[in-house]
Amino acid sequence: MQQSEQTVSEGYLRRYEEAVRRDPAAAPALIAGWLRTDWRPLFAELRARRPVLSAPGLALVTRSADVREVLSRWEVFTVAAYTDRLEGALGGPVMLSRDATPLHWRERGLLQVMLPPEDVPAVRELAGRAADAALDAAAPHGRIEAVGGLFRHVALRVCAEYFGFPGPDEATLSRWSREVITDVTANLPGDPDVRAASARAGSEMMDHLREVLAARRAAPPGGPPAAPPGDVFDRLLRTTLPARAGVDDERVLINVAALMLGFVENASGSLVHLVGELLSRPDAHARAAEAARDPDPARVDGHVWEALRFDPFLKVIARVSARDHLLAAGTPHATTVPAGTLVLAAAASAMFDADAVADPLDYRPGRPADVYLHFGYGPHSCVGVHPGAAVICEVVRRLLRRPGVRLLPPPDGGVVRDRGVFPDRFVLGLGPSGEGSA
Ligand code: HEM
């Protein structure tokens, strides 16, 4: 199917160009606002009429092939937008702050070994247990505040028990996550207060991790380990690598911090979006609930990823171009992206591109896995994809098994967000309707 077969509005480009003429500096904020509220029609128009929207200092890339080109070409489209932010918080480099450095190569490999796909059944079990306990506690009230009471709570339990990073308490761990990730992903203008809050949270987190590491190392030789055996932190500490790999204690700690930082906001935000989407589609909800009752846990997964395609939490992935580059070379929309441009690769748009996805407007659970870009693409694609996907799918599975789970009407319904980005409150009804909606 060609792009033109999708319904295409004509309004966004025109309004964008008018805004650029009036005040070029205000144009990125206009795009940021549309990304929150109008992303589907905005992207449909851009894919059809201006697949690479290029403005001074900014390029928005909307077709699947071009998004994949941006995310593959690390030597041109770098992660420089993350470097100062992540390194300011962690006190040193981390995978997502460096492109094709030896450190990225080595530590990505190390984490792949530490997070094997074989852990998925145990991670699902852990997430499922935590989700059921939270749902059992909420059931008598006929409702659950799903962000703090379920989605973040389960993610933080997985950080504690699987990664081995409980923090001093759940609330502190949650605050560290939010403050650092706000600066990394939601501070385009570079507000210095947000940057400073992230640096403070990051330094508290690293100091705490140094103490935990000292306690784990101090466990008596041959005696019981200071932490449950087998968590990822423990695996890292017990792995002896050649000195030339340079994985000293500080590198271990930065990677443990990265596990938590990569996970909590993404998992919780994605769960809010996809559960909202599923529950607003009665047929899709019924089919997903039936799959959730199947003894095979993986039967629900296709429903999860399709719901998230229709309302992804992460709509764009940011890169900075290191040199001039002809993007989409050989196509009618080939565009030179100048060095120093902030390039937004719109993964959410790529998943609706009719040249890459069959009948993209059809809601069709069970699409081939390569349709989805929820975990990124290319050399920086998510290294936590296996546990991350397991947790998201299992939480949805346990939730959908509950009778009467539903969206609530105003004033209780809807999602309350921090900075218009991170969900903080999302109340769902549980049990027979009539309860919990007052
Ligand atoms: C649960 C839902 C999750 C989602 C939706 C998600 C999504 C993503 C995406 C889109 C990227 C690409 C970022 C980019 O290219 O700029 C990414 C990278 C990354 N994710 Fe995740 N993630 C999730 C869970 C996790 C978990 C559980 C971990 C850790 C165990 C993790 C650790 C990372 C790391 C370290 C990177 C950077 C990899 C690199 O630079 O090579 N993520 N994630």
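Here, every reference points to the structure presented above.
The structure displayed is predicted, hence computed values, not measured ones. (Residues numbered from 1 in each chain as written. Predicted model: local features only at pLDDT ≥ 70, side-chain atom pairs only at ≥ 80, totals over all residues. Heavy atoms only, no water.)

## Concerning the pattern of salt bridges
Here is step 1: What the rule picks out here adds up to 34 salt bridges.
Here is step 2: Arg124 is the partner of Glu394 in a salt bridge, and the nearest nitrogen-oxygen pair spans 2.7 Å. One end of the pair, Glu394, is in helix α16 (residues 385-400); the other, Arg124, is in helix α7 (residues 120-138), and 270 residues separate them in sequence. The pair formed by Glu394 and Arg124 is uniform in burial state, with each residue classed as buried.
Here is step 3: Glu161 serves as the salt-bridge partner of Arg157, at 3.0 Å between the closest nitrogen and oxygen. Here Arg157 pairs with Glu161, and both are found in helix α8 (residues 146-163), just four residues apart, close to one helical turn.
Here is step 4: Look at the salt bridges and you will find they share partners, linking Arg124, Asp132, Asp136, Asp301, Glu394, Arg397, Arg398 and Arg402 into a network. (Salt bridge = Lys/Arg side-chain N within 4 Å of Asp/Glu carboxyl O. Helix = DSSP H or I, 4+ residues; strand = E, 2+ residues; numbered from the N terminus. Buried < 20%, exposed > 50% of the residue type's maximum accessible area, 1.4 Å probe, protein only.)

## What about the coordination of the iron atom of the ligand?
Here is step 1: There is one protein donor for the iron atom of the ligand, and it is Cys382 (SG), at 2.3 Å.
Here is step 2: The topology assignment puts Cys382 in the loop between α15 (347-350) and α16. (Donors = N, O, S within 2.8 Å, 3.2 Å for Na, K, Ca; no water.)

## What to know about unusual backbone geometry
Here is step 1: That bond from Pro410 to Pro411 is cis: its omega, 5°, falls within 30 degrees of zero.
Here is step 2: Along the chain, Pro411 falls in the loop between β9 (406-407) and β10 (415-418).
Here is step 3: If you check the backbone angles, Ala328 has positive phi at about 60° while not being a glycine.
Here is step 4: Relative to the helices and strands, Ala328 is located in the loop between β6 (325-327) and β7 (335-337).
Here is step 5: On the basis of relative accessibility, which here comes to 3%, the residue Ala328 falls in the buried class.

## Brief notes about the sheet that holds strand β5 (residues 317-321)
Here is step 1: Reading across the sheet, the five strands line up as β1-β2-β8-β5-β3 and stay open at both edges, with mixed pairing between neighbours. In this open sheet, the two edge strands, each paired with only one partner strand, are β1 (52-55) and β3 (77-78). (Pairing = 2+ DSSP bridges.)

## A short note on the site of the ligand
Here is step 1: Residues in contact with the ligand amount to 27 residues; listed here are only the nearest, His104, Arg108, Arg319, His380 and Cys382.
Here is step 2: In the model, an oxygen atom of the ligand is placed 2.8 Å from a nitrogen or oxygen of the His104 side chain.
Here is step 3: A distance of 2.6 Å is found between an oxygen atom of the ligand and a side-chain nitrogen or oxygen belonging to His380.
Here is step 4: For the shell around the ligand, the leading source of residues is helix α12 (residues 249-279), giving six residues.
Here is step 5: Class assignment for the residues of the shell around the ligand results in 15 nonpolar, ten polar and two charged. (Near = heavy atom within 4 Å. Polar contact = N/O pair within 3.5 Å; in protein donor to acceptor, adjacent residues only side chain to side chain. Nonpolar A, V, L, I, M, F, W, Y, C, P; charged D, E, K, R; others polar.)

## Digging into the packing of helix α14 (residues 301-310) against α16
Pairs of packed helices are described in terms of their axes, by the angle between the two and the distance that separates them.
Here is step 1: Relative orientation of the contacting elements α14 and α16 amounts to 100°, with a least axis distance of 9 Å. Considering their axes alone, α14 and α16 lie roughly perpendicular with respect to each other. Along its contact with α14, which presents Asp301, Val304 and Trp305, the element α16 presents Ala389, Ile392, Cys393 and Val396.
Here is step 2: In terms of residue class, the contact of α14 with α16 is made up of six nonpolar, no polar and one charged. (Axes fitted to C-alpha atoms, helices over the stretch in contact; angles between N-to-C directions. Parallel < 35°, antiparallel > 145°, perpendicular 65-115°, else oblique. Contact = heavy atoms within 4.5 Å.)

## Quick notes on the packing of helix α9 (residues 170-185) against α12
Here is step 1: Axis separation between α9 and α12 bottoms out at 9 Å; the angle between their running directions is 90°. For the element pair α9 / α12, the angle class is roughly perpendicular. Where α9 approaches α12, its residues Leu173, Ser174, Trp176, Ser177, Arg178, Val180 and Ile181 are matched on the opposing element by Met260, Leu261, Val264 and Glu265.
Here is step 2: Tallied by class, residues from the contact of α9 with α12 come to seven nonpolar, two polar and two charged.

## Describing the side chain of Asp66
Here is step 1: Residue placement: Asp66 occurs in helix α4 (residues 64-72).
Here is step 2: One buried charged residue, Asp66, forms no salt bridge at all, with the nearest opposite charge on Arg63 at 5.7 Å.
Here is step 3: Apart from residues lying up to four places away in sequence, Asp66 is in contact with Pro51, Val52, Val61, Leu327, Ala328 and His333. (Lys, Arg positive; Asp, Glu negative; His and termini not counted.)

## Considering helix α6 (residues 102-114)
It helps to recall that an α-helix has 3.6 residues per turn; residues three or four apart then point in one direction.
Here is step 1: With 13 residues, α6 should reach 18 Å at 1.5 Å per residue; the first-to-last C-alpha distance of 18 Å fits that figure.
Here is step 2: What α6 keeps buried is the set Leu103, His104, Glu107, Arg108, Leu110, Leu111 and Met114. Along the axis of α6, the buried positions cluster into a sector of 160°, meaning they face one direction only. Seen from the buried face of α6, the exposed residues on the opposite side, beyond 90 degrees, are Pro102, Trp105 and Val113. (Expected span 1.5 Å × (residues − 1). Arc of directions from axis to C-beta.)

## Looking at the pairing of β10
Here is step 1: Alignment of β10 against strand β11 (residues 422-429), held across four bridges, turns out to be antiparallel. Within β11, the position partnered with Asp418 by the bridge is Phe422.
Here is step 2: Hairpin connection between β10 and β11: a loop of three residues separates the two successive antiparallel strands, and Arg419 in this loop has a positive phi of roughly 60°.

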